[in-house]
Amino acid sequence: MSNSSSSINQFLLLAFADTRELQLLHFSLFLGIYLAALLGNGLIIITIACDQHLQTPMYFFLLNLSVLDLGCISTTVPKSMANTLWDTRAISYTGCVVQLFFFVFLISTEFCLLTLMAYDRYVAICHPLHYGTLLGSRACVHMAAAAWASGLFYSVLHIANTFSLPLCHGNAVDQFFCEIPQILKLSCSGTYLREIGVIVVGACLCFGCFVFIVVSYVQIFRAVLRIPSEQARHKAFSTCLPHLAVVSLFVSTSFFAYLKPPSISSLLLDMVVSFLYSVVPSAVNPLIYSMRSQELKDAMWKLKTGCFQAATK
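What comes next is a walk through the structure. In this numbering scheme, every chain counts its residues from 1 along its sequence in written order. Where totals are concerned, whole chains, interfaces and linings use all residues; where local detail is concerned, this predicted model gives features only for residues with pLDDT of at least 70, and gives and counts side-chain atom pairs only at 80 or more. Hydrogens and water are ignored here; the side-chain numbers use all heavy atoms of the structure.

## A look at the overall build of the protein
Selection criterion: Every helix listed is a DSSP run of H or I at least four residues long, and every strand listed is a run of E at least two residues long, numbered separately from the N terminus. Only C-alpha atoms enter the radius of gyration; for comparison, a globular chain is expected to reach 2.2 Å times N to the power 0.38, where N is the number of residues.
The number of helices and strands found in the protein is twelve helices and two strands. Each helix (α) and strand (β) of the protein, taken in turn from the N terminus, gives the series α-β-α-α-β-α-α-α-α-α-α-α-α-α. By the compact-globule yardstick of 20 Å for 313 residues, the protein fits well, its C-alpha radius of gyration being 21 Å. Its C-alpha atoms put the protein at 65 × 50 × 35 Å along the principal axes.

So this is what it looks like as structure tokens:
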């Protein structure tokens, strides 16, 4: 860390509201969303871990996605709620570094994992006879480990670059959590070109993953439309729609957050967009999968009834 950066011992996050009534409303809203995310993702994790019928590559990747969603929302929302409740904007320098590290780590890993989930659906529908070979248990573990390792490497690279820059424009972060673009705004002019280079490399990799997902789904739709049975087509589509909805929500909000023109940027818009890509998916993803996957719904119902019967004995 540079001397200029280490002289700052805390950052000031953007407050959602000034009046106490609106602060309590913000706290209640975030608490409700956070509890919904904990309940939904926790239920998916427990159900997949306990049900032998869900020990398949698709649900293995879904379990990983739920763990990432839990981690992602836990990185940003609790601190924002605590600051609102205690009527403060402060986050320590170390706290900001840790928050940004885990956020970039988890969000990068999630995008890699969504790419693997697209590959899983592609193999399952376009090459079903090779599914067991290409996506065996060992291969799935290796692919998931590669996704987590890629996210970790990318996060370390970002943190090392971002917090090595001298900060010359105060310590007020125009966001409700520590975010790379907002930290870069505080750096001295002309010193952040190296970090911009890291962002460009990351954007190219993300675009490559996005192209892979799009090409995978083009092939999937072509294969599904060739299936003669309408019932079989519906079943094939039903296994893809949850993932497609999750990818669309994640990609559209995160890409808009980082690629929107500066001319339309404002504090309110930046906050809303960041909320949409950093908080909403973690709460909505379990709902999307539990509503669209009959297997998952049946397993959840079996788990609930089993727990209820055990409690009444």
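We are not done yet, so read on.
## As for the side chain of Glu179
Our working rule: Accessibility here uses a 1.4 Å probe with only protein chains present; expressed as a share of the type maximum, an area under 20% marks a residue as buried, one over 50% as exposed, and anything in between as partly exposed. Throughout, a residue-residue contact means that at least one pair of heavy atoms, one from each residue, lies within 4.5 Å.
Within the fold, Glu179 resides in the loop between helix H6 (137-162) and helix H7 (180-185). According to the relative accessible area criterion, Glu179 is buried, its value standing at 4%. Setting aside chain neighbours within four positions, we find Glu179 in contact with Leu100, Tyr258, Ser274 and Tyr277.

## Here we look at the packing of helix H4 (residues 93-126) against H6
We count it as follows: Axis geometry follows a simple rule: fit a line to the C-alpha atoms, using only the stretch in contact for helices, then measure angles between N-to-C directions, giving values from 0 to 180 degrees. When the near helix sits turned anticlockwise from the far one by under a right angle, the crossing is termed left-handed; a clockwise turn instead gives a right-handed crossing. Under this grouping Gly is polar, as are all residues other than the nonpolar Ala, Val, Leu, Ile, Met, Phe, Trp, Tyr, Cys and Pro and the charged Asp, Glu, Lys and Arg.
Between H4 and H6, whose axes approach to 8 Å, the crossing angle comes to 145°. Once H4 is placed against H6, the crossing between them reads as right-handed. Side by side, H4 and H6 meet where Val97, Leu100, Phe101, Val104, Phe105, Leu106, Ser108, Thr109, Cys112, Leu113, Leu116 and Tyr119 of the first sit next to Met143, Ala144, Ala147, Trp148, Ser150, Gly151, Leu152, Tyr154, Ser155, Val156, His158 and Ile159 of the second. Its residues assigned to classes, the contact of H4 with H6 comprises 18 nonpolar, six polar and no charged.

## Some points on the environment of Gln55
For clarity, the threshold we go by: Counted as a polar contact is a pair of N or O atoms within 3.5 Å, where, for protein atoms, one must be capable of donating a hydrogen and the other of accepting one, and residues adjacent in sequence contribute only when both atoms are in side chains.
Tracing the sequence through the fold places Gln55 in the loop between helix H2 (20-50) and helix H3 (57-85). C-alpha separation for the pair Gln55 and Pro261, spaced 206 residues apart in sequence, amounts to 44 Å. What Gln55 contacts, discounting residues up to four positions off in sequence, is Ile48 and Ala49. Within the local environment of Gln55, its side chain forms a polar contact with the backbone oxygen of Asp51, the two atoms lying 2.9 Å apart.

## Observations concerning the nonpolar core
For clarity, the threshold we go by: To define a nonpolar core, start from buried Ala, Val, Leu, Ile, Met, Phe, Trp, Tyr and Cys residues and group those joined through side-chain atoms within 4.5 Å.
Core analysis: the biggest nonpolar cluster contains 62 residues, and Phe61, Leu62, Leu65 and Leu296 have the highest contact counts within it. Per-element accounting of this core gives the leading share, twelve residues, to H4. Among residues more than four places away in sequence, those in contact with Phe61 are Leu113, Leu116, Met117, Asp120, Leu135, Cys140, Met143 and Ala144. Counting 22 residues, the second largest nonpolar core, distinct from the first, contains Leu13, Phe101, Ile183 and Leu186.

## Topic: the state of the cysteines
The test is simple: A pair of sulfur atoms, both from cysteines and within 2.5 Å, is called a disulfide here.
Inspection of every chain in the model, using the stated rule, returns one disulfide. With no disulfide of its own, Cys72 has Cys206 as its nearest cysteine by sulfur position, at a separation of 14 Å. On the basis of relative accessibility, which here comes to 1%, the residue Cys72 falls in the buried class. Cys206 forms no disulfide, and the closest cysteine sulfur to it belongs to Cys209, at a distance of 6.4 Å.

## Details of the pattern of salt bridges
Let me state the cut-off plainly: What counts as a salt bridge is simple: a side-chain nitrogen of Lys or Arg found within 4 Å of a carboxyl oxygen of Asp or Glu.
Under the definition given, this model contains two salt bridges. Two residues, Asp51 and Lys302, come together in a salt bridge whose shortest N-O distance is 3.4 Å. Residue Asp51 is located in the loop between H2 and H3, and its partner Lys302 is located in helix H12 (residues 294-312); the two are separated by 251 residues in the primary sequence. A relative accessible area of 45% means that Lys302 is categorised as partly exposed. Linking Arg121 and Asp120 is a salt bridge whose minimum nitrogen-to-oxygen distance equals 3.0 Å.

## What about the packing of aromatic side chains?
The condition that has to hold: Each Phe, Tyr or Trp ring, with Trp reduced to its six-membered ring, pairs with another whose centre is within 6.5 Å; inter-plane angles below 30 degrees give stacked pairs, above 60 give edge-to-face pairs, and intermediate values give tilted ones.
Scanning the entire structure with this criterion turns up 14 aromatic pairs. Between the aromatic rings of Phe11 and Tyr93, the centroid separation amounts to 5.6 Å while the plane-to-plane angle is 20°, which identifies the pairing as stacked. Of this pair, Phe11 sits in strand S1 (residues 10-12) while Tyr93 sits in helix H4, and the two are 82 residues apart along the sequence.

## Points about the packing of helix H9 (residues 230-259) against helix H10 (residues 267-278)
At a closest axis distance of 8 Å, the pairing of H9 and H10 adopts a crossing angle of 150°. When the axes of H9 and H10 are compared, the crossing they make is left-handed. Counting all contacts with H9, which are made through Thr253, Ser254, Phe256, Ala257 and Tyr258, the residues of H10 involved are Leu269, Val273, Leu276 and Tyr277. Partitioning the contact of H9 with H10 into residue classes produces seven nonpolar, two polar and no charged.

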